[in-house]
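# Architecture at a glance
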Amino acid sequence: MKEFDMNQQWCQSCGMPMGYTDEYLGTNADGSKNPDYCSHCWKDGQFTSPELTMEQMIELCVPYMAQDSELDITEASARQLMQETLPKLKRWKK
Ligand SMILES: [Zn+2]
């Protein structure tokens, strides 16, 4: 498995890498970019799926991560990784 580059931006909701540009950032209500969340999680100033629990988010993302040839990760390790990472992100931190 590849080392993650922590210098790039990470979505504070789903934990996905957002690269170094604002291309994948979510949009605020005024049309500006939100540096904390990706365009899948955050749109027009709100979460696209506000009812989602952290566990549901993990199950949603695991298949995508497992299919990602760049990540080269099994479904089990993807789930483990998310279970470790997501509780530290802004959206899920208590
Ligand atoms: Zn996201």
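To be clear, the structure that these remarks concern was listed above.
Here's what I pulled together on the structure shown here.

Each value, and the rule that gives it
- Residues numbered from 1 in each chain as written.
- Predicted model: local features only at pLDDT ≥ 70, side-chain atom pairs only at ≥ 80, totals over all residues.
- Heavy atoms only, no water.
- Donors = N, O, S within 2.8 Å, 3.2 Å for Na, K, Ca; no water.
- Buried < 20%, exposed > 50% of the residue type's maximum accessible area, 1.4 Å probe, protein only.
- Salt bridge = Lys/Arg side-chain N within 4 Å of Asp/Glu carboxyl O.
- Helix = DSSP H or I, 4+ residues; strand = E, 2+ residues; numbered from the N terminus.
- Axes fitted to C-alpha atoms, helices over the stretch in contact; angles between N-to-C directions.
- Parallel < 35°, antiparallel > 145°, perpendicular 65-115°, else oblique.
- Left-handed = near helix turned anticlockwise from the far one by under 90°.
- Contact = heavy atoms within 4.5 Å.
- Nonpolar A, V, L, I, M, F, W, Y, C, P; charged D, E, K, R; others polar.

### Considering the coordination of the zinc ion
Each pair of donors in an ideal octahedron of six around a metal sits at 90 or 180 degrees, and each pair in an ideal tetrahedron of four sits at 109.5 degrees. Each protein donor to the zinc ion is listed here as Cys11 (SG), Cys14 (SG), Cys38 (SG) and Cys41 (SG); together their distances run 2.2 to 2.3 Å. Positions of the donor residues of the zinc ion, expressed as sequence spacing, correspond to C-x2-C-x23-C-x2-C. Across the pair, exposure class does not vary: cysteine 11 and cysteine 14 are buried alike.

### Concerning the pattern of salt bridges
With the rule as written, the count across this model stands at three salt bridges. The residue arginine 79 makes a salt bridge to glutamate 59 at a minimum N-O spacing of 2.9 Å. Note that arginine 79 is positioned in helix H2 (residues 75-85) and glutamate 59 in helix H1 (residues 54-67), a separation of 20 residues in sequence. For glutamate 59, a relative accessible area of 40% corresponds to the partly exposed category. A salt bridge links arginine 79 to glutamate 75; the shortest N-O distance between them is 3.8 Å. Residue arginine 79 and its partner glutamate 75 are located together in helix H2, separated by four residues, close to a single helical turn. With relative accessibility at 25%, the residue arginine 79 sits in the partly exposed group.

### Quick look at the packing of H1 against H2
Across the interface, H1 lies against H2 with an axial gap of 9 Å and an inter-helix angle of 135 degrees. Taken together, H1 and H2 sit at an angle that is classed as oblique. The element H1 and its partner H2 pack so that their crossing is right-handed. Contact residues: Ile58, Glu59, Cys61, Val62, Met65 and Ala66 in H1; Glu75, Ala78, Arg79, Leu81, Met82 and Gln83 in H2. Residues belonging to the contact of H1 with H2 are distributed by class as follows: eight nonpolar, one polar and three charged.

Note that every value here comes from positions in space, so none of it alone points to a role or purpose.
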